[in-house]
Amino acid sequence: MKKYLVSFIVMLFLGAPVQAKDSCSTVLCMAGMLQGSGVVSGCKGFVQDYFDIILFNSHGGISLNKTFKARGQFLGQCTSAGNWPDKINSKYGRQLGL
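Per an unreviewed UniProt entry, the recorded name for the protein chain is TrbM protein, and the organism is Nitrosomonas nitrosa.

1. Some details on the environment of Ser23
Secondary-structure assignment places Ser23 in helix α2 (residues 23–34). Given a relative accessible area of 5%, Ser23 falls into the buried group. Separated by 58 residues in sequence, Ser23 and Ala81 have C-alpha atoms that sit 9.6 Å apart. Dropping the residues within four chain positions of it, Ser23 is found in contact with Phe74, Leu75, Gln77 and Cys78.

2. Brief notes about the packing of helix α4 (residues 64–76) against helix α5 (residues 84–92)
Two elements in contact, α4 and α5, have axes whose closest approach is 9 Å; the angle formed by their N-to-C orientations is 155°. Judged by the angle between their axes, α4 and α5 are roughly antiparallel. The way α4 lies across α5 gives a crossing that is right-handed. For the pair α4 and α5, contact is made by Phe68, Arg71, Gly72, Leu75 and Gly76 and by Pro85, Ile88, Asn89, Ser90 and Tyr92, respectively. For the contact of α4 with α5, the per-class residue count stands at five nonpolar, four polar and one charged.

Calculation notes
- Residues numbered from 1 in each chain as written.
- Predicted model: local features only at pLDDT ≥ 70, side-chain atom pairs only at ≥ 80, totals over all residues.
- Heavy atoms only, no water.
- Helix = DSSP H or I, 4+ residues; strand = E, 2+ residues; numbered from the N terminus.
- Buried < 20%, exposed > 50% of the residue type's maximum accessible area, 1.4 Å probe, protein only.
- Contact = heavy atoms within 4.5 Å.
- Axes fitted to C-alpha atoms, helices over the stretch in contact; angles between N-to-C directions.
- Parallel < 35°, antiparallel > 145°, perpendicular 65-115°, else oblique.
- Left-handed = near helix turned anticlockwise from the far one by under 90°.
- Nonpolar A, V, L, I, M, F, W, Y, C, P; charged D, E, K, R; others polar.

Listed below in structure tokens is the structure:
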């Protein structure tokens, strides 16, 4: 019974509406991080949007490869960012947080 209850609660969270995130602001903020500025004022939420992207494997464990790919796709939505998404994702794509 507990197993079904936990599954139901997880499904509620997974089914929650997702707000659109601004990939270009995330690229801008994380480019500053990549250059050594750290997380500057006003960027914490955009950086967190990136690190909140975490995908799991079929056994429920974190899949760093799937996470890396999904984060790269998110940053790639900013078409005016040049090669910054690739640079950012190469450094931070498999990290689970700062």
